[in-house]
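Structure assessment
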Amino acid sequence: MAQTATARAERGETKQKLLEAAERMFALHGIDAVSLRQITLAAGQKNESALHYHFGSREALIEAIFEWRMTAIDARRNAMLDELEAQGRQDDLRALVAAVARPLSEQFRDPAGANHYNRFLAQVQHSPSVSLVPMVGGKYDRGVQRVYVLLARLLRHLPERLLRQRFVTVVSSAIYGFADIEQVMTQRRDQGREFDVERAIENLIDMAAAAIGAPVSPETQSRLDAEDNNEREGAQPS
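Residues numbered from 1 in each chain as written. Predicted model: local features only at pLDDT ≥ 70, side-chain atom pairs only at ≥ 80, totals over all residues. Heavy atoms only, no water.

**What about the layout of surface pockets?**
There is about 680 Å³ of room inside the largest pocket. Forming the boundary of the largest pocket are 34 residues, of which Leu132, Val144, Phe167, Val171 and Ile175 lie nearest the centre. Of all the secondary structure elements, the ones that give two or more residues to the lining of the largest pocket are helix 4 (58-86), helix 5 (93-105), helix 6 (117-126), helix 7 (132-136), helix 8 (142-154), helix 9 (160-191) and helix 10 (197-212). For the lining of the largest pocket, the element with the highest residue contribution is helix 9, accounting for 8 residues. Split by residue class, the lining of the largest pocket holds 26 nonpolar, 5 polar and 3 charged. (1 Å grid on protein atoms, 1.4 Å probe; cavity = no way out; pocket = protein on both sides within 12 Å on 5 of 7 lines; lining within 4 Å. Points joined across faces, edges and corners; volume = space filled by probe spheres on them. Helix = DSSP H or I, 4+ residues; strand = E, 2+ residues; numbered from the N terminus. Nonpolar A, V, L, I, M, F, W, Y, C, P; charged D, E, K, R; others polar.)

**Section: the packing of helix 9 against helix 10**
With their axes 10 Å apart at the nearest point, helix 9 and helix 10 run at an angle of 165 degrees to one another. Taken as axis vectors, helix 9 and helix 10 run roughly antiparallel relative to one another. Classified by chirality, the crossing of helix 10 by helix 9 is right-handed. Seen from helix 9, the contacting residues are Arg166, Phe167, Val170, Ala174, Gly177, Phe178, Ile181 and Met185; seen from helix 10, they are Val197, Ala200, Ile201, Leu204, Ala208, Ala211 and Ile212. Taken together, the residues that form the contact of helix 9 with helix 10 break down as 13 nonpolar, 1 polar and 1 charged. (Axes fitted to C-alpha atoms, helices over the stretch in contact; angles between N-to-C directions. Parallel < 35°, antiparallel > 145°, perpendicular 65-115°, else oblique. Left-handed = near helix turned anticlockwise from the far one by under 90°. Contact = heavy atoms within 4.5 Å.)

**Some words on the confidence of the model for the protein**
Confidence in the prediction of the protein, expressed as mean pLDDT, is 91, and 95% of residues score 70 or more. In the model of the protein, helix 1 (residues 2-29) stands out as the element of lowest mean pLDDT, 85, in contrast to helix 8, which has the highest, 98. (pLDDT = per-residue confidence, 0-100.)

**Quick look at the packing of helix 4 against helix 8**
Two elements in contact, helix 4 and helix 8, have axes separated by 8 Å at closest approach and are oriented at 35 degrees. Contacts between helix 4 and helix 8 pair Asp74, Arg77, Asn78, Leu81, Asp82 and Glu85 from the former with Arg142, Gly143, Val144, Arg146, Val147 and Leu150 from the latter.

**Topic: helix 4**
Compared with the 42 Å implied by 1.5 Å per residue over 29 residues, the 41 Å span of helix 4 between its first and last C-alpha is a close match. Most pronounced at methionine 70, the bend in helix 4 amounts to some 35 degrees. The positive-phi residue at the C-terminal boundary of helix 4 is glycine 88, with phi of around 70 degrees. (Expected span 1.5 Å × (residues − 1). Bend = angle between axes of the 7 residues up to and from the residue.)

**What about the side chain of threonine 40?**
Along the polypeptide, threonine 40 turns up in helix 2 (residues 36-42). When its relative accessible area of 2% is taken as the criterion, threonine 40 is described as buried. Once residues within four sequence positions are removed from consideration, threonine 40 is found in contact with Leu18, Gln45, Asn47, Glu48 and Leu51. (Buried < 20%, exposed > 50% of the residue type's maximum accessible area, 1.4 Å probe, protein only.)

**Observations regarding the environment of glutamine 125**
Looking at where glutamine 125 falls in the secondary structure, it is placed in helix 6. Judged by its relative accessible area of 25%, glutamine 125 is partly exposed. For the pair formed by glutamine 125 and tyrosine 176, sequence separation is 51 residues and the distance between their alpha carbons is 9.0 Å. Once you skip the residues sitting within four places of it in the chain, glutamine 125 turns out to touch Ser172, Ile175 and Tyr176.

**Focus on the nonpolar core**
Counting residues in each nonpolar core, the largest one holds 67 residues, and the members touching the most others are Phe26, Ile39, Leu61, Phe66 and Phe120. With 10 residues, the single largest contributor to this core is helix 4. With residues up to four places along the chain from it excluded, the contact list for phenylalanine 66 reads Thr71, Tyr117, Phe120, Leu121, Val124, Leu132, Met135, Val136 and Tyr140. (Core = buried A, V, L, I, M, F, W, Y, C linked by side-chain atoms within 4.5 Å.)

**Let's talk about helix 6**
Along helix 6, 7 of the 10 residues are buried, which leaves the element largely enclosed by surrounding structure. Taken residue by residue, helix 6 has Tyr117, Asn118, Arg119, Phe120, Leu121, Ala122 and Val124 as its buried positions.

**Quick notes on the pattern of salt bridges**
This model, assessed by the stated rule, comprises 15 salt bridges. One salt bridge in this structure joins arginine 146 and aspartate 82, with 3.0 Å as the shortest N-O distance. Of this pair, arginine 146 sits in helix 8 while aspartate 82 sits in helix 4, placing them 64 residues apart in sequence. One salt bridge connects arginine 161 with glutamate 227, and the closest N-O pair in it is separated by 2.6 Å. One end of the pair, arginine 161, is in helix 9; the other, glutamate 227, is in helix 11 (residues 218-235), and 66 residues separate them in sequence. Among the residues examined, glutamate 227 registers a relative accessible area of 36% and is labelled partly exposed. (Salt bridge = Lys/Arg side-chain N within 4 Å of Asp/Glu carboxyl O.)

**Considering the packing of aromatic side chains**
This model, assessed by the stated rule, comprises 4 aromatic pairs. Chaining the aromatic ring pairs together yields one cluster made of Phe26, Phe66, Tyr117 and Phe120. When the ring centre of tryptophan 68 is taken as reference, the NZ or CZ atom of arginine 69 above it lies at 4.0 Å. A cation sits over an aromatic face here: arginine 164 above tyrosine 148, 4.0 Å from the ring centre. (Phe/Tyr/Trp six-rings, centres within 6.5 Å; stacked < 30°, edge-to-face > 60°. Lys NZ or Arg CZ within 6 Å of the ring centre and 35° of its normal.)

Written as structure tokens, this is what we have:
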């Protein structure tokens, strides 16, 4: 029995080392530029079949990284939203944006200084071989979907097609923004230089909230009106 428990613990330790090495290698070099063999070696594993044993494929490995990281991130996001609703602050635009962003920024607090998740996420978003939405949709995005519903209620003056574009673009931009902060933070730490991470995070949230809530310009409105006219003309019987 002791040997079985020890073996399980060793397998769990090996799997975790592989996850951490994969996240780091993907973050630093790109999703499609790293071989599974390189990840196995980076994890300190002599058995080249270790990664295939634990994950089976590159796609399954990436999904496992999401499960490892995003389970906690989504739980944190939902807890923040529960707190906002309990406080009656569900109409606070900046707070809603912060509920999306803050759980990602909390990945910077790794006590070992191994901050790679946001850069990994940016690499996934950039990779032509990985589709992010199918991997996380319905699994780890409940908090994000809750935020979108609350934003739609708060910004009901915005046409849905504009809000949807803004939301997707802002979330995507925030991912790249946090990846940049993560990289600068790591560089400054290695150089022994100070970097106000909190200031950078708060400024990023400010920018994201401003983008979501920006007024509709006359130029954009004219394009909306043209689209509406085209739809009405196309719906008229000939």
